[in-house]
Amino acid sequence: MENNSKSQSRRKFIRNGVRASLLLSLGAVSVSALRKVSGDDYVWQIDPFKCTQCGRCATECVLNPSAVKCLHAFDLCGYCDLCGGYLKPDANAQSTAAENQLCPTAAIERRFIEEPYFEYHINEDLCIGCAKCVAGCTSFGNGSMHLQIMHHICVNCNECSIARVCPSDAISRVKASEAYNVKGDFTNNSEA
Amino acid sequence: MRNQLNQNKNQNCFGLRIPDIRHKLKYLLFTFAFFLFTFNLSAQKQRFPKPEFDTGYTQPTPVTPEPRALAMEYFDVLVLLLVLAAATYFALKSRSRQGILWLSVFTLVYFGFYRNGCICSIGAIQNVTLTFFDPAYAISLTALLFFVIPLVVTLFFGRTFCAGACPLGAIQDLVVVKPISLPKWLNKTLGLIPYLYLSLAVLFAATGTDFIICRYDPFVGIFRMDAKFLMIVLGIAFLLMGMFVARPYCRFLCPYGVLLSWMSRFSSRHLTITPSKCIQCKLCTHSCPFDAIDFPTNEKEVVKSGLGPKRFITYALVIPLWIALGVFVGAKSHTFLSKANQDVYLAELLIAHPELRNDPDNIDVQTFLASGKPMEQLVSEATAIREKFYIGSMIAGGFMGLVIGMTLLNTVVFRKRQDYEPHKGNCFSCARCVDYCPVEK
């Protein structure tokens, strides 16, 4: 009987020892992680200056349609009549006719302001983030149209499935308090 | 921008041997800036300046909706704490299966369908790993808390997290219809997969390659009601399988379950089947859908066979061999595993198929070529990553060897048990057995 209780207490001792060491190692892991912890949360965002408009944002997002949308930085826009982001390069006419539009979903609305200026407005519900207009605007215009991850749509996956396949590594984690890289902002920021 | 300019300055320095190099540099800088503004689209000047409108047009500002508020993320941590506390209370104190059941419904709705299965403790393993291996990455406090809190609670009260606070567990627990009991050898063998999954997940996260736990989460597509076809099929397959083989993901895949099971084995308190003394009625034995109830041991039989100590020593001596085998397999497989890394893949592709440089449809290759990054740099980066994979997969292989050796050793360890008890490592504290026990307090 005495022998039995001895083995019991020995087992208890081992158990307590292991528990203490597990707790210690958990503490060590959390303390060393805490040393570089960030109180802010992270979200994913595209760096428009790195983006090469490959078109994967439209196809690789876990959401369908993608949480990546074209964002129009009006500050940079030239309000051109002949818009490289709106019209196909070989468009028949500078009009809103469907066959002239570059956007596959007709998500860009063209509004006349005054001769010869037009405002281009992105209809977010229609935009699929294919970056066709971004490529057009970037190669022929000011580059005011660019892709951004829209955070009211994005589900903030632990690892962005677009970032994994982005050929130019343009998508990275940014602080949630500075969740967008809007191109227009860069004009005021000399450090950029 | 400034960095770019400086770099350019340095590059242009090499060709010049004139005393007033400063002036030349200034000139070069201006030329460069001119080119930059004209051709480089990241420049801050516009090709077509913004017009001045006469009609009083006001320019709209781009809409940038804010992400989910940080306070809400901390609210999630609070909900996790509350749910864990409730699950622990229901499992250990009030011993109520009903309570756990409704709690898992809540978890499924909140963490599953409302929070879309993200943030979750299982995936947080990778964030913690990446924090240690990527100097540029700092884990967010919420992710760290989601990783640590369930482990600490499990260390004291058993796996109550699995019972009520994990949305993946909840969705599987609710579809259990007619669980079948798997043979012990199959249970043990399949039970090795989580260790492999964990070591691969840590390996891929540490090398900055991929978050495989999140990418192959079978239920996240169901929570979001939207996913790739294959993932939806996988999720539904898991649920259908889960009707008969209860909680297949938890038992045979979940990498976080490995850590929880370590904690739970040494927990100070744990769910008990009976509130007082076991009367050996065996009613509970059929209640557990997870084969997690250990039967009383038959001491006579073990003693009679006389194989116990001999086998134990043999199996213990074989463990180093298992580890060596694991290291060997890991070292052999590191080339294959490293292919999952995009950089390594691209470098290998370009070396093996140089003709792809002329393929306009290969986006990766074309982007790489257009970026102007030299091939040597890509190769050296890929080599560095492969080196990490070499070490990492040897460690992972050694770990797997140790796990296999220990699992085998455990099969010959004789533990005295007089009553029907839950297996502390495997029990999910779902409290089904509690319902079956006729003993009153």
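Note that the coordinates shown come from a computational prediction; the quantities given were computed from them, not determined experimentally.

A.B. asks: When you look at the overall build of chain A in this model, what are you seeing that I'm missing?
C.D. replies: Counting secondary structure elements, chain A contains four helices and six strands. The helix and strand sequence of chain A, counted from the amino end, reads α-β-α-β-β-β-α-β-α-β. Rg of the C-alpha trace for chain A: 26 Å, well past the compact-globule value of 16 Å for 192 residues, more than 25% over. Its C-alpha atoms put chain A at 100 × 35 × 25 Å along the principal axes. Within the span of chain A, comprising 192 residues, buried residues form 43% of the whole. Sequence separation of 24 or more characterises 74% of the internal contacts of chain A that already satisfy a separation of 6 or more.

A.B. asks: Explain the packing of helix α3 (residues 70-93) of chain B against helix α4 (residues 97-114) of chain B here, please?
C.D. replies: Each pair of packed helices can be described by the angle between their axes along with the distance between the axes. All names here are of chain B. Contact geometry for α3 and α4: axes closest at 9 Å, N-to-C directions at 160°. In terms of orientation, α3 and α4 fall into the roughly antiparallel class. Considering only the axes of α3 and α4, their crossing is left-handed. For the pair α3 and α4, the contacting residues are V79, V83, A86, A87, F90 and A91 in the first and G99, I100, L103, T107 and Y110 in the second. Of the residues that constitute the contact of α3 with α4, the class distribution is nine nonpolar, two polar and no charged.

A.B. asks: How do you make sense of α4(B) when you look at a structure like this?
C.D. replies: Since there are 3.6 residues in each turn of an α-helix, residues three or four apart along the chain are aligned in direction. All names here are of chain B. If you check α4, its first and last C-alpha atoms are 24 Å apart, about what 18 residues at 1.5 Å a residue would give, namely 26 Å. All buried positions along α4 are accounted for by I100, L103, S104, T107, L108, F111 and G112. Packed against the buried residues of α4 are α3, α7 (160-165), α8 (167-173) and α12 (220-224). Backbone geometry just downstream of α4 places N116 in the positive-phi region, at approximately 55°.

A.B. asks: How do you make sense of the interface of chain B and chain A when you look at a structure like this?
C.D. replies: How large an interface is tends to be reported as the accessible area lost when its parts come together. Contact residues are listed per partner, giving 55 residues for chain B and 58 residues for chain A. Every element with two or more residues in the side of chain B that touches chain A is listed here: α3, α5 (121-133), α6 (141-157), α15 (255-265) and α19 (363-371) of chain B. Here the side of chain B that touches chain A gets seven residues from one element, more than from any other, and that element is α6(B). Classifying every residue of the side of chain B that touches chain A gives 30 nonpolar, 16 polar and nine charged.

A.B. asks: Teacher, can you tell me more about the domain arrangement of chain A here?
C.D. replies: When its domains are assigned, chain A resolves into domain 1 (1-37) and domain 2 (42-187). A separation of 55 Å is found between the C-alpha centroids of domain 1 of chain A and domain 2 of chain A.

A.B. asks: Help me understand the domain arrangement of chain B in this model?
C.D. replies: Residue and element names in this part refer to chain B. For chain B, the assigned domains read domain 1 (78-296 + 421-436) and domain 2 (301-412). Using C-alpha coordinates to define each centre, domain 1 is positioned 27 Å away from domain 2. Per-class residue counts for the side of domain 1 that touches domain 2 are seven nonpolar, three polar and two charged.

About the cut-offs
Residues numbered from 1 in each chain as written. Chains lettered and ligands numbered in written order. Predicted model: local features only at pLDDT ≥ 70, side-chain atom pairs only at ≥ 80, totals over all residues. Helix = DSSP H or I, 4+ residues; strand = E, 2+ residues; numbered from the N terminus. Rg over C-alpha atoms; globule rule 2.2 N^0.38 Å. Buried ≥ 20, exposed ≤ 12 C-beta atoms within 10 Å, placed from the backbone. Contact = placed C-beta atoms within 7 Å. Axes fitted to C-alpha atoms, helices over the stretch in contact; angles between N-to-C directions. Parallel < 35°, antiparallel > 145°, perpendicular 65-115°, else oblique. Left-handed = near helix turned anticlockwise from the far one by under 90°. Nonpolar A, V, L, I, M, F, W, Y, C, P; charged D, E, K, R; others polar. Expected span 1.5 Å × (residues − 1). Domains from an automatic or database assignment.

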